[in-house]
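# Working through the structure, step by step
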Amino acid sequence: MLALRRYWPALLIWSVLALLPAARLSGVPVAGMIVLGLIAIFRRPAALVATPALRFFLLLFACFWIPAALSALDAVNPTKSWQSVAAYLRFVPMGLFVIGSLSAPEQRLMLWRLTAALVVFWCLDALFQALVGFNFFGMAHSSDRLNGVFGESNLKLGPVVAVLSPLPLEYARRFLRRGWFFAVLGLLLAVIVLVGTRSAWIMFGLVTLGYAYLYARSRPRRWLKAALVVGGAAVLIGVVGYHFSPTLAGRIDRSLLVLEGDTASVDQALGMRLPIWRTAWRMIADNPLNGVGVRGFRHAYEDYAEPNDPWITGAAGLTGAFHAHQLVFEVLTETGLIGLVAFGIALTVTWRHWRAIGLSGRTAALPLALALGVMVFPLNTHLAFYSTFWSLLCWLLIMLYCGFAANGGTPSR
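Residues numbered from 1 in each chain as written. Predicted model: local features only at pLDDT ≥ 70, side-chain atom pairs only at ≥ 80, totals over all residues. Heavy atoms only, no water.

### A look at the packing of aromatic side chains
- Counted under the stated rule, the structure contains 28 aromatic pairs.
- Plain terms: the ring middles of F297 and Y301 are 5.7 Å apart, the flat faces sit at 45 degrees to each other, and that makes the pair tilted. Taken together, the positions of F297 and Y301, both in helix α16 (residues 297-304) and 4 residues apart, correspond to about one turn of that helix. The same class applies to F297 and to Y301, which are both buried.
- Three or more aromatic residues link up through ring pairs in this structure, and these residues are F57, F61, F64, Y88, F91, F343, F385, Y386 and W395. (Phe/Tyr/Trp six-rings, centres within 6.5 Å; stacked < 30°, edge-to-face > 60°. Helix = DSSP H or I, 4+ residues; strand = E, 2+ residues; numbered from the N terminus. Buried < 20%, exposed > 50% of the residue type's maximum accessible area, 1.4 Å probe, protein only.)

Right under this line is the structure:
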């Protein structure tokens, strides 16, 4: 009870991440933070503009929300777009609560420790599922891919673990013996490879490259050895998984089709994304300024798709194109050039902020900056950026980045 009374802000924030696999249940702690944030706004309205971290957060939010609101003016499905625009406003009071709560170093350290433990637990749970066919909670291995605590109908384990992976890695690097860092890295690598989500492979590859760079800077004589160990482990896991997991073998075989070079093979390798992207391009050409409206892609798709589009005809078991599967295309199709320019402004402002916060702030915010960087890396496929699930995770990470960067320093254990 004493820990609960002392660390309840960190526990409340962490519970959003812990409940992500339960989908809508994560909205319960979010609702609590919204209420607490609104109370803080009414009590101290000047705090929104007086605190640099909150000003920076609100600027990023404006780069996201204003294009979304403008896209809803003539959206293909105004009801859905306006509902989404209204729902995004919850991030303002939520952000006020999160950033304010992280001013205390013990809250930051507790949240970091809990999040690192959570990601490790998800990975151990997934490995157990891969070995015996069901996880710690009795959830069966999906016929499509390893799913762990996220369940058979919510196949987001790979992308979520890949995005959050810098948090347990950085915790191990700073607070544990060096061997633990490589143990955590190996655990994450094994799960992400076995999950078979190729976007997660790319994201975790970028995280690994980031830490290879850090390792090379601090231990220039040993980085090649470490790189060989990690690369060898990845190859070994891939080879073993290829021979013992038909699902993983199928994904590797399909990915290698891109080497054949013809359009049909490339399309197959990309998971039949080319028809989606061609249709997205037609949407962009017809709605260049403010797009078809946030969350309107699925409603406009049939109007712009070719008659034999497999996502409409249901060929090869495809069931519908609900989003663009690529961040730049999604921003352009749903919010147009206004959204893309605003997104570019947000990236520029964030880069300037990163350079301005100094070494102490960059050290504190490093894992969160890396998580956000791989989340929006453009040369990849993506989950729906404007969706409830992915936008919640993205904005929670932005809030944490703002809170950690503003207070700086490395919390003591």
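### Observations regarding helix α20 (residues 388-407)
- The end-to-end C-alpha separation of α20 is 29 Å, in line with the 28 Å expected for 20 residues at 1.5 Å each.
- Taking burial as the measure, the 20 residues of α20 include 17 buried ones, the bulk of the element. (Expected span 1.5 Å × (residues − 1).)

### A closer look at the environment of T51
- Mapped onto the elements, T51 comes out in the loop between α3 (47-50) and α4 (52-71).
- Residue T51 is classed as partly exposed on the basis of its relative accessible area of 30%.
- T51 sits 355 residues away from A406 along the chain, and the two C-alpha atoms are 9.4 Å apart.

### Here's the deal with the nonpolar core
- Counting 108 residues, the largest nonpolar core has M94, V98 and L397 as its most contacted members.
- If one sorts the elements of this core by residue count, α20 sits on top with 15 residues.
- Discounting chain neighbours no more than four positions away, the residues touching V98 are I13, M33, L396, M399 and L400. (Core = buried A, V, L, I, M, F, W, Y, C linked by side-chain atoms within 4.5 Å. Contact = heavy atoms within 4.5 Å.)

### Quick word on unusual backbone geometry
- We note that R295 has phi near 65 degrees; this positive angle belongs to a residue other than glycine.
- As for its position among the elements, R295 is in the loop between α15 (274-286) and α16.
- Looking at R295, the relative accessible area reads 12%, which means it is buried.
- Positive phi, close to 65 degrees, is recorded for H325, a residue that is not glycine.
- Mapped onto the fold, H325 is located in the loop between α17 (310-313) and α18 (327-356).
- Classification of H325 as buried rests on a relative accessible area of 15%.

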